[in-house]
Structure formats: structure tokens, C-alpha cells
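One-letter residues, chain by chain:
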Amino acid sequence: MTDAVRERYDRFARDEAPGRSALYEQWAAGVAGDAEVQAVLARIPETHRQPPLVFAVTRMLGVKLDGFDQWREFLLTHADEVVAECAARRVQTNEPLRLAPLLPVLSEIAGPIALLEIGASAGLCLYPDRYSYRFLDAAGHVQAALDPADGASEVILTSQVRGRMPAMRMPQIVWRAGIDLVPLDAREERDRAWLQALVWPGETGRQERIVAALDIVAADPPLLVAGDAVDEVAALAASAPAEATLVITTPGVLVHIPRQARQALIAQLQQLPARWITIDAPALHDAWNPAVDADDWPGFVVALDGQVRGAADPLGRWWEWRAAFGAHRA
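The rules behind these values
Residue numbering note: each chain is counted from 1, following its sequence as written. Given that the model is predicted, a residue must reach a pLDDT of at least 70 before its local features are reported, and side-chain atom pairs must reach 80 or more before they are shown or counted; all residues, however, enter totals for whole chains, interfaces and linings. With hydrogens and water excluded, all non-hydrogen atoms of the structure serve as input to the side-chain values. Runs of E in the DSSP output that reach at least two residues are strands. Runs of H or I that reach at least four are helices, and both are numbered from the N terminus. Atoms counted for the radius of gyration: C-alpha only. Globule rule: 2.2 Å times the number of residues to the power 0.38. Summary of the burial criterion: residues with accessible area below 20% of their type's maximum are buried, those above 50% are exposed, and those between are partly exposed, where the area comes from a 1.4 Å probe applied to protein chains only. Shrake-Rupley sampling with a 1.4 Å probe provides the accessible areas, and residues are treated as covered by the protein chains on show and by no other component. Whether two strands pair comes down to DSSP finding at least two bridges between them. The angle between two axes is taken between their N-to-C directions and runs from 0 to 180 degrees, where each axis is a line fitted to C-alpha atoms and a helix contributes only its stretch in contact. Aromatic pairing here means that ring centres of Phe, Tyr or Trp (its six-membered ring) are within 6.5 Å. Orientation follows from the plane angle: under 30 degrees is stacked, over 60 is edge-to-face, and everything else is tilted. Here, nonpolar core means buried Ala, Val, Leu, Ile, Met, Phe, Trp, Tyr and Cys residues that are tied together by side-chain atoms lying within 4.5 Å of each other. Residue contacts follow a heavy-atom distance rule, with two residues in contact if any of their heavy atoms lie within 4.5 Å. Any residue with an atom within 4 Å of a point lines the site, the site being either a cavity, points on a 1 Å grid over the protein atoms alone where a 1.4 Å probe fits but cannot get out, or a pocket, an open set with protein on both sides within 12 Å along at least 5 of 7 lines. Grid points are joined across faces, edges and corners, and a volume is the space filled by probe spheres set on the points. Polar here means any residue other than Ala, Val, Leu, Ile, Met, Phe, Trp, Tyr, Cys and Pro, which are nonpolar, and Asp, Glu, Lys and Arg, which are charged; Gly is therefore polar. Reported orientations rely on four angle classes, namely roughly parallel under 35 degrees, roughly antiparallel over 145, roughly perpendicular from 65 to 115, and oblique for the rest. Classification remark: right-handed applies to a crossover when, strands pointing away from the viewer, the course from the first strand over the helix to the second runs clockwise.

A. View of the overall build of the protein. Scanning the protein from terminus to terminus reveals eleven helices and eleven strands. Relative to the globule expectation of 20 Å for 330 residues, the C-alpha radius of gyration of the protein, 20 Å, shows essentially globular dimensions. Judged by the C-alpha coordinates and their principal axes, the protein covers about 60 × 45 × 40 Å. Among the 330 residues that make up the protein, the fraction classed as buried is 54%. Counting every atom, the protein has about 14400 Å² of accessible surface; 49% of that belongs to carbon and sulfur.

Structure representation (C-alpha cells):
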């Protein structure tokens, strides 16, 4: 099993961390060359030993953002605790910036809106109406700015728009709910620490954004249901207020669901009396209309009811509108 650990961390150091986190690149390269560390990580279930999860657990438990030698010493000293915590944790990245490429899609839908997110984590993506937006051109100039009705938010979502920009407006959200295998509570210090630990070192501004979003959510918590989405979504959808348009979002979560269950969930969403907004890798499923060429598509696909609306960075740092321009669709 240590060979699998070595190969996974070597690949992460070579292909995934560069350009995003120099420290994680260093840690992963260190793991790939250290048999004793590999032996500890091999004790973690295979589906729970990916580098971002392991590194986040060690940070939550108190490791300092220092070189590999210091990280290695911490891991070996706290091996049993790290192994147990990794086995119980999942990567639950809760990035509100993903709402930036979803906002023009939400703008197409007549309100009021009942918003239901699958894979909600702590629910930070259930508050598109509580955040401010700044859309930039390629030179970094603000093309458009939107704020909540009561003024600028503590959370400002800044995203680059490539090409033309569609008309947008703040959505009217009257109900918020989410499903997650293990929902997090924005009011609980350990859950807040976990979400902050999932931010990779070097991602400037992201931790501050998540902390500010956690404060907004903690002040008005959503309804979060623990369970499998296939089993829970119909009942939760039925509890949404009848006078609101139900919108179900799956921003970046479908990749974490096994293929057969993913297909069953997509089929279920297509049958529910709801609008479905998603942002996924182009090759993840074939629910796109029109079909998407995965080899020639920049970033992820943003879609409404399977209808392709745009391309986007998976975390919302940039997006490109690819649908026809025109009036909002109710």
C-alpha cells in the first residue's frame, strides 16, 4: 500500500500543487520520498488519504505552516490521531466564490426562489443574495458590481468575466436548505476550523472570504439534512414553500458521488418539479445540451436544467458566458 501512497503524493506534487500552493507541493514531494511517512498514511482508508484531506487534518490538529521536516515530525508524533481523524473526515470545500458563475443563471429564474444545495457542507453557497459581487475584465477593471439590498456585504466575490457579460440581478431567496453526508455547522468552532484548514496555503484572500461567509451563515443558519442525496432530495424538495420556485444546485459535488449513484441522482433531479443548476467537469456526465467536447472545453461547464450556459473555473475565479444573450427566462 505504501507504493500507492508514494505514487499519489508524487502525482500531487508534480501535477496538482504547482502554481497553487508551494508549501503543499513541498509536503507532498517529501511524502513521496519518505517510507516511514508513507507507512503511516497507508493506515488511512484509501478514499480518505488524498493529500488535501491529510494536509488539512494535520493543520486542524495544530501543525504549523512550515517545511516538510516539521510537518513530518508532527505526523509521526500524532500518527494515531491523524489516522483516526482522516478516516472520519471528507474534503468539504465550501467556496462561496462558486456563486459568481452561477449568478447569471440564477438571474434567469423568476423569484422568489427556494434554494436547495446538494453537498452543502456548511451552506456557504446558499446565500447568493447576502454577498457582494465584483466582475472584472481581463485587465482587472470592474465591469459590473452588485450588492445586497441593504448595502455592500462583508463577503465580496471577485471574478473575472471573459468576453461579453449577460444581464444579472440579485436573486430573491426565501428558503434555504442543503443535504450533506456530514453537514457542518457554521456556529461550531471545530467545523469552522475544518473549513479554514481546507484552504490551501498560498490561496490569497480565500480564508478571509470563508470566515466572513461563515459569520453570515452562523447569524441565520439554513436547514441542513444529513444523508445521501438520492435518498433525501425528494422529501426535502417537497418541504420547500409552494409559492417559491425551487432551484436545486450541485456546484462541484457530483464528482464525489460514485458513477451509478450519480446517474441515479441526475435522473431524479430531472424528474423533480425544480430547476437544476450545476457546475461540473465536462466529461463527468452526458446531461449537457448541446453536447460538450470535453477535449476542447475550458474549465468546467455551467448549466441550467442541462442546458449549457457557460464555462467556468471550478472555484469561480473566472467564467465565460456561452449561451445566447436575451431576456431572462422564467
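Still to come is the rest of the account.
B. Seen up close, the sheet that holds strand β7 (residues 245-251). Spatially, eleven strands are ordered β3-β2-β4-β11-β10-β9-β8-β7-β1-β5-β6 in an open sheet, and the strand pairing comes out mixed. Each end of this open sheet is capped by a strand with a single partner; those strands are β3 (142-146) and β6 (223-226). The average angle at which neighbouring strand axes cross in this sheet is 25°, direction not considered. In this structure, strand β1 (residues 113-118) lies alongside strand β5 (residues 173-180), joined through six bridges in parallel fashion. Within β5, the position partnered with Glu117 by the bridge is Gly178.

C. A look at the packing of aromatic side chains. Summed over all chains, the structure comprises twelve aromatic pairs. Consider the rings of Tyr24 and Trp200, whose centres lie 5.6 Å apart with planes at 50°: the pair is tilted. Separated by 176 residues along the polypeptide, Tyr24 in helix α2 (residues 22-32) and Trp200 in the loop between α8 (189-197) and α9 (206-219) bring together distant segments of the chain. Of the two residues, Tyr24 and Trp200, neither departs from the other in class, the shared state being buried. When the centroid spacing of 5.3 Å and the interplanar angle of 75° are considered together, the rings of Trp27 and Phe55 count as edge-to-face. In this pair, Trp27 sits in helix α2 while Phe55 sits in helix α4 (residues 51-60), placing the two residues 28 residues apart along the sequence.

D. Quick peek at the nonpolar core. In this structure, Leu41, Trp71, Tyr131 and Phe135 are the most contacted members of the largest nonpolar core, which totals 79 residues. Contacts of Leu41, omitting those with residues within four sequence positions, involve Val5, Tyr9, Val31, Arg49, Val54 and Leu75. By size, the runner-up hydrophobic cluster in this structure holds 25 residues, among which are Val233, Leu254, Ile266 and Ala274.

E. Seen up close, the layout of surface pockets. The space that makes up the second largest pocket amounts to roughly 150 Å³. What lines the second largest pocket is simply Gly19, Arg20, Glu95, Leu97, Gly202, Glu203, Thr204, Arg206, Arg209, Leu315 and Arg317. Within the lining of the second largest pocket, the residues separate by chemical class into two nonpolar, three polar and six charged.

F. The packing of helix α1 (residues 2-16) against α4, seen in detail. One can describe the packing of α1 onto α4 by two numbers: an axis separation of 10 Å at closest approach and a directional angle of 90°. By the angle between their axes, α1 is roughly perpendicular relative to α4. Mapping the contact onto sequence places Arg8, Tyr9 and Phe12 in α1 and Pro51, Pro52, Val54 and Phe55 in α4. Class assignment for the residues of the contact of α1 with α4 results in six nonpolar, no polar and one charged.

G. Fine view of the pairing of strand β8 (residues 275-280). In terms of burial, β8 is largely enclosed, as six of its six residues are buried. Sheet topology note: the β7/β8 ladder contains five bridges and is parallel. Bridging from a neighbouring strand, Ile248 pairs with Trp276 of β8. The parallel pair β7 and β8, bridged by helix α11 (residues 259-271), forms a crossover whose chirality is right-handed. Both β8 and strand β9 (residues 300-304) contribute to a ladder of four bridges, which runs antiparallel. Note on β9: the bridge partner recorded for Asp280 is Val301.

H. Layout of the environment of Arg164. Here Arg164 lies in the loop between β4 (156-161) and β5. On a C-alpha basis, the gap between Arg164 and Pro282 in space is 22 Å, while along the polypeptide they are 118 residues apart.

I. How the structure looks around the environment of Ala274. Relative to the assigned elements, Ala274 resides in the loop between α11 and β8. With a relative accessible area of 18%, Ala274 lands in the buried category. Taking the C-alpha atoms as reference points, Ala274 and Arg90, 184 residues apart in sequence, are found 28 Å from one another. Ala274 has contacts with Leu246, Ile248 and Asp305, leaving out every residue within four places of it along the chain.

J. Region of interest: α8. When we look at burial in α8, the residues that qualify are Asp191, Arg192, Trp194, Leu195, Gln196 and Ala197. Close packing links the buried residues of α8 with α2, α4 and α9.

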